[in-house]
Amino acid sequence: MWALLSLAVGSFGIGMTEFVVMGLLPNIGEDLLPSLWATRSEDAIAQAGWLISLYALGVVVGAPTIAGAVAKYPRQRVMIGLALALTVFNALTFLAPTFEWVAASRFLAGLPHGAYFGIGALVAADVLGPGMRAKGVAFVLTGLTVANVVGVPLGTYLGQQVGWRAAFMVVAAIFAAATILIAFFVPERPGDPSRTLRAELKVFRIGQVWLALGVGAIGFGGFFAVYSYIAPLVTEVAGSPEWVVPIVLVVMGLGMTVGNLVGGHLADVDLKRTLVGGLIGLALVLALLAVTAQWIWALGFFVFATGFVASALSPTIQTRLMDVAQDNQSIAAALNHSALNIGNSLGAFLGGVVIAAGWGFLAPAWVGVALAGGGLVLATASLAAERRGVLVNA
């Protein structure tokens, strides 16, 4: 259990570093882009949203390359190295003097993200044993979802009161603690010398893997289209003061925490129905959020529902990917986070596009509905192909 808790501390830090930016976009835009902020604050917020996309791009690049390259090494040593890298790169975000340097540091901070979760999920699955893979994935992800209840709101509040950089100083300290805990409590397991990067990359020959990645990248992008711009939804659409933003983030985090645990259970019971039902549910709650967000109580309710459904999908999508990846488990577990962060980047980017186009801060929610619908189409196609026995070659 201590091994899982040690991994969860690192996933808490990842959840905080990935999501705290979203509540601080106005603060970052005002500080790092003062000229643009003075002329058109909406454009400054949209440009600050690039930091979300750059972090996500780092995850996309780093997850398959790092996970594939380190598959042959002992997992404990790999996890220590990844936690240490996360410590250093988040410290760089705290210290970076300009928008360009902050952007570079966010890309670097994203590189170890997918490998950390992917290899951590395999460690958790080993600890919990057969038949509980989705629960193991969900346990490691619990740190991420709890971060959205505690770390992200507190980091947002700290950033609003002291300066946005303070949030990343806290994140770096959390990763330093995770590095120490992993060194003490995660058991040493030998690597598999046969699992080279070249061998792991064979996973891309499997058509079902591409469909599973598409479900995560497009379907989950609907969640990030809304989450990325939660601060202006609260202040500009619902008309609430800035101090309400951390409260709404707590509500989102509670939904994510409950949804993650429920999703891990449901995926072990019936993965396919959980996948399809989750994508339908995500499109529905985003549509309802879009038409009721002017009332803060309704915004809070549907923010909770959005977090619940999206996080129920997360272990479901990862388990589905591991199911179709055959013996390429290390890279498959990490690739899920590449897919989700393509969704992060895509949702943040498209949300920023419709805001910059003058369509208002509700427009990202409708973008989210469309993306969730696209994920549903891909999931349906994947399951239909599986029934026909196609797209399974390695």
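It should be noted that the structure appears before, not after, this text.
Residues numbered from 1 in each chain as written. Predicted model: local features only at pLDDT ≥ 70, side-chain atom pairs only at ≥ 80, totals over all residues. Heavy atoms only, no water.

Caption draft 1: Molecular detail of the overall build of the protein. Helix and strand counts for the protein stand at 19 helices and 0 strands. Compactness check: the protein gives a C-alpha radius of gyration of 19 Å against a globular reference of 21 Å for 394 residues, within 12% of the reference. The principal-axis extents of the C-alpha atoms in the protein amount to approximately 55 × 45 × 35 Å. Residues classed as buried in the protein amount to 60% of the 394 residues present. (Helix = DSSP H or I, 4+ residues; strand = E, 2+ residues; numbered from the N terminus. Rg over C-alpha atoms; globule rule 2.2 N^0.38 Å. Buried < 20%, exposed > 50% of the residue type's maximum accessible area, 1.4 Å probe, protein only.)

Caption draft 2: Representation of the packing of aromatic side chains in the model. What the rule picks out here adds up to 12 aromatic pairs. When the centroid spacing of 5.2 Å and the interplanar angle of 55 degrees are considered together, the rings of Phe223 and Tyr227 count as tilted. Of this pair, Phe223 and Tyr227 both sit in helix α14 (residues 221-227), 4 residues apart, which is roughly one turn of the helix. Both residues of the pair, Phe223 and Tyr227, belong to the buried class. A centroid spacing of 5.0 Å and a plane angle of 85 degrees characterise the contact between Phe301 and Phe302, whose relative ring orientation is edge-to-face. Residue Phe301 is classed as exposed on the basis of its relative accessible area, which comes to 51%. Here the aromatic cluster, defined as three or more aromatic residues joined through ring pairs, consists of Phe19, Phe220, Phe223, Phe224 and Tyr227. (Phe/Tyr/Trp six-rings, centres within 6.5 Å; stacked < 30°, edge-to-face > 60°.)

Caption draft 3: Just the environment of Ala8, in detail. When you line up the elements, Ala8 lands in helix α1 (residues 2-23). Under the relative-accessibility criterion, Ala8 is labelled buried at 13%. For the pair Ala8 and Gly143, spaced 135 residues apart in sequence, the C-alpha separation works out to 4.5 Å. Aside from chain neighbours lying at most four places away, what touches Ala8 is Phe139, Val140 and Gly143. (Contact = heavy atoms within 4.5 Å.)

Caption draft 4: Looking closely at helix α19 (residues 363-388). Taking 1.5 Å per residue as the helical rise, α19 with its 26 residues ought to reach 38 Å, and the 38 Å between its terminal C-alpha atoms agrees with that figure. Once α19 ends, the next one or two residues include Gly389, with phi positive near 75 degrees. (Expected span 1.5 Å × (residues − 1).)

Caption draft 5: Expanded view of the side chain of His337. With respect to the secondary-structure elements, His337 resides in helix α18 (residues 329-356). His337 sits in the buried class, given a relative accessible area of 3%. A distance of 3.1 Å separates the side chain of His337 from the side chain of Gln318, its partner in a polar contact. Residues within four places of His337 in sequence aside, it is in contact with Val59, His113, Gly114, Phe117, Gly118, Leu141 and Gln318. (Polar contact = N/O pair within 3.5 Å; in protein donor to acceptor, adjacent residues only side chain to side chain.)

Caption draft 6: Quick look at the pattern of salt bridges. Counted under the stated rule, the structure contains 4 salt bridges. Across the salt bridge formed by Asp43 and Arg40, the nearest N and O atoms sit 3.1 Å from each other. The class of Asp43 is partly exposed, set by a relative accessible area of 25%. Notably, a salt bridge pairs Glu386 with Lys272, separated by 2.9 Å at the nearest N-O pair. (Salt bridge = Lys/Arg side-chain N within 4 Å of Asp/Glu carboxyl O.)

Caption draft 7: Local environment of the side chain of Ser105. Its location among the elements puts Ser105 in helix α7 (residues 99-110). One polar contact links Ser105 to Thr93, side chain to side chain, over a distance of 2.8 Å. In contact with Ser105, not counting residues within four places along its chain, are Phe89, Leu92 and Thr93.

Caption draft 8: Seen up close, the packing of helix α16 (residues 244-292) against α19. At their nearest, the axes of α16 and α19 sit 8 Å apart, and the two run at 165 degrees to each other. By the angle class used here, α16 and α19 are roughly antiparallel. Here α16 runs over α19; the crossing is left-handed. Residues Lys272, Leu275, Val276, Leu279, Ile280, Leu282, Ala283, Leu286, Ala287, Leu289, Ala290 and Val291 of α16 lie in contact with α19, whose contacting residues are Ala365, Trp366, Gly368, Val369, Ala372, Gly375, Leu376, Ala379, Leu383 and Glu386. Residue classes in the contact of α16 with α19 are distributed as 18 nonpolar, 2 polar and 2 charged. (Axes fitted to C-alpha atoms, helices over the stretch in contact; angles between N-to-C directions. Parallel < 35°, antiparallel > 145°, perpendicular 65-115°, else oblique. Left-handed = near helix turned anticlockwise from the far one by under 90°. Nonpolar A, V, L, I, M, F, W, Y, C, P; charged D, E, K, R; others polar.)

Caption draft 9: View of a nonpolar patch on the surface. Together, Met1, Trp2, Leu5, Ile180, Phe184 and Phe185 line one region of the surface with nonpolar side chains, adding up to about 710 Å² of accessible area. Of all the secondary-structure elements, those providing two or more residues to the nonpolar patch are α1 and α11 (165-185). Per element, the largest residue contribution to the nonpolar patch is 3 residues, and it comes from α11. Position of Ile180 among the secondary structure elements: in helix α11. (Patch = residues over 30% accessible without salt bridge, like charges linked within 9 Å, V, L, I, M, F, W, Y side chains within 5 Å. Areas by Shrake-Rupley, 256 points an atom, 1.4 Å probe, with all protein chains shown as cover.)

Caption draft 10: Broad picture of the nonpolar core. With 98 residues, the main nonpolar core has Tyr116, Tyr227 and Leu289 as its most contacted residues. The element best represented in this core is α16, accounting for 15 residues. Leaving out residues up to four positions away in the same chain, Tyr116 has contacts with Ser6, Leu7, Gly10, Ser11, Ile14, Met79, Leu82, Ala83, Leu86 and Ile182. Counting 12 residues, the second largest nonpolar core, distinct from the first, contains Leu213, Leu321, Ile331 and Ala339. (Core = buried A, V, L, I, M, F, W, Y, C linked by side-chain atoms within 4.5 Å.)

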